[in-house]
Amino acid sequence: MNRGVRKWRPRRLPLQRMALPLLRRWLDEPGSLTRRIRHKCSGCFYVEVLGERWGAPFLDEARRLGLRHKNWVWLREVLLCCDDSAWVYGRSVIPGQTLRGHLRGLQQLGQQPLGSVLFKRHPVSRGKIEIARLAADDGLYRQVVQSTAVAPGCWARRSVFHVAEHPLLVTEVFLPALAARAAGGESF
């Protein structure tokens, strides 16, 4: 079943108290997560593209974007990496109507991070950030585990961006390498 995550919550609810305090800073990051990773990564930052394709969104993604579940969207899945470690799994869900005009280029990003393209070239507004812990029966968890080693219980966040008034949903899953680094502290 293609359910996605069922328990998304506003980022400031008490649920977040269960997250590691230093990881909360990452969950609450209001700006570009790509920029923050580049700043904190002492080595080589890169994007590993896992896949880009037309497909059906998870039910919760479709609802969040105000789409019908069977509407096809452009799906982009990547890993944001530092040195040889994947820190964040990213999933972008872009409705077809968003990919018109000057935004068509979002289908040909290659190894460019979506965040750096969005924040540099277009007027962007971000909706509220929601957070969730992934469970083993969540579609998103099953999608992530196909690409990297991750255990249930890792944290994710998502928000809808409006680019020139066209929506797209970005979900970021914080992977064990980032959580371990956050647990180590050192102004991370």
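> Would you mind showing me how to read the overall build of the chain here?
Helices and strands together make up the secondary structure of the chain, namely six helices and eight strands. For the chain, the succession of helices and strands along the chain, N to C, is β-α-α-β-α-β-β-α-β-β-α-β-β-α. Within the chain, buried positions represent 52% of all 188 residues. Long-range contacts, defined as pairs at least 24 residues apart, comprise 69% of the intrachain contacts of the chain with a sequence gap of at least 6.

> In this structure, what is going on with the state of the cysteines? I would like to understand it.
The bond known as a disulfide is covalent and runs between the sulfur atoms of two cysteines. The tally for this structure, following the rule as stated, stands at one disulfide. Two residues share a disulfide in this structure: Cys41 and Cys82, whose sulfurs sit 2.0 Å from each other. Between Cys41 and Cys82, the S-S torsion sits near 85°, and that sign places the bridge as right-handed. A residue pair is termed long-range when its members are at least 10 positions apart, and Cys41 in the loop between α2 (33–40) and β2 (45–55) and Cys82 in strand β3 (residues 73–82) qualify at 41 residues. Comparing Cys41 with Cys82, the two get one shared label, buried.

> Would you explain the side chain of Arg157 in this entry?
Turning to its location among the elements, Arg157 is positioned in strand β7 (residues 155–163). By relative accessible area, which is 1% here, Arg157 ends up buried. For Arg157, the side chain forms a polar contact with the main-chain oxygen of Trp26, separated by 3.4 Å. In terms of polar contacts, Arg157 uses its side chain to reach the side chain of Glu172, at 2.6 Å.

> I tried to follow the environment of Pro152 on my own but got confused; where do I start?
Checked against the element boundaries, Pro152 lands in the loop between α5 (139–145) and β7. For Pro152 and Arg142, which are ten residues apart along the polypeptide, the C-alpha to C-alpha distance reads 9.6 Å. In this view, Pro152 contacts Leu134, Ala135, Ala136 and Tyr141; residues no more than four positions away in its chain are not counted.

> Teacher, can you tell me more about the nonpolar core here?
One recurring pattern in soluble globular proteins: nonpolar side chains tend to sit buried together. Among the nonpolar cores identified, the biggest contains 18 residues, and Trp26, Ile37, Leu80, Trp87, Val88, Phe174 and Leu178 are the most heavily contacted of them. Counting only elements with at least two residues in this core, the list comes to α1 (21–27), α2, β2, β3 and β4 (85–95). Ile37 has contacts with Trp26, Phe45, Leu80, Trp87 and Val88, leaving out every residue within four places of it along the chain. Membership of the second largest hydrophobic core comes to 16 residues, among which are Trp8, Leu134, Cys154 and Ala156.

> I tried to follow the side chain of Glu130 on my own but got confused; where do I start?
Mapped onto the secondary structure, Glu130 falls in strand β6 (residues 130–133). Judged by relative accessible area, which is 16%, Glu130 ranks as buried. Within the structure, Glu130 has its side chain in polar contact with the side chain of Arg64 (distance 3.1 Å). In terms of polar contacts, Glu130 uses its side chain to reach the side chain of Arg158, at 2.8 Å. Filtering out sequence-adjacent residues up to four positions away, Glu130 remains in contact with Trp8, Arg9, Pro10, Arg11, Arg64, Ala156, Arg157 and Arg158.

Scoring rules and cut-offs
Residues numbered from 1 in each chain as written. Predicted model: local features only at pLDDT ≥ 70, side-chain atom pairs only at ≥ 80, totals over all residues. Heavy atoms only, no water. Helix = DSSP H or I, 4+ residues; strand = E, 2+ residues; numbered from the N terminus. Buried < 20%, exposed > 50% of the residue type's maximum accessible area, 1.4 Å probe, protein only. Contact = heavy atoms within 4.5 Å. Disulfide = S-S within 2.5 Å. Polar contact = N/O pair within 3.5 Å; in protein donor to acceptor, adjacent residues only side chain to side chain. Core = buried A, V, L, I, M, F, W, Y, C linked by side-chain atoms within 4.5 Å.

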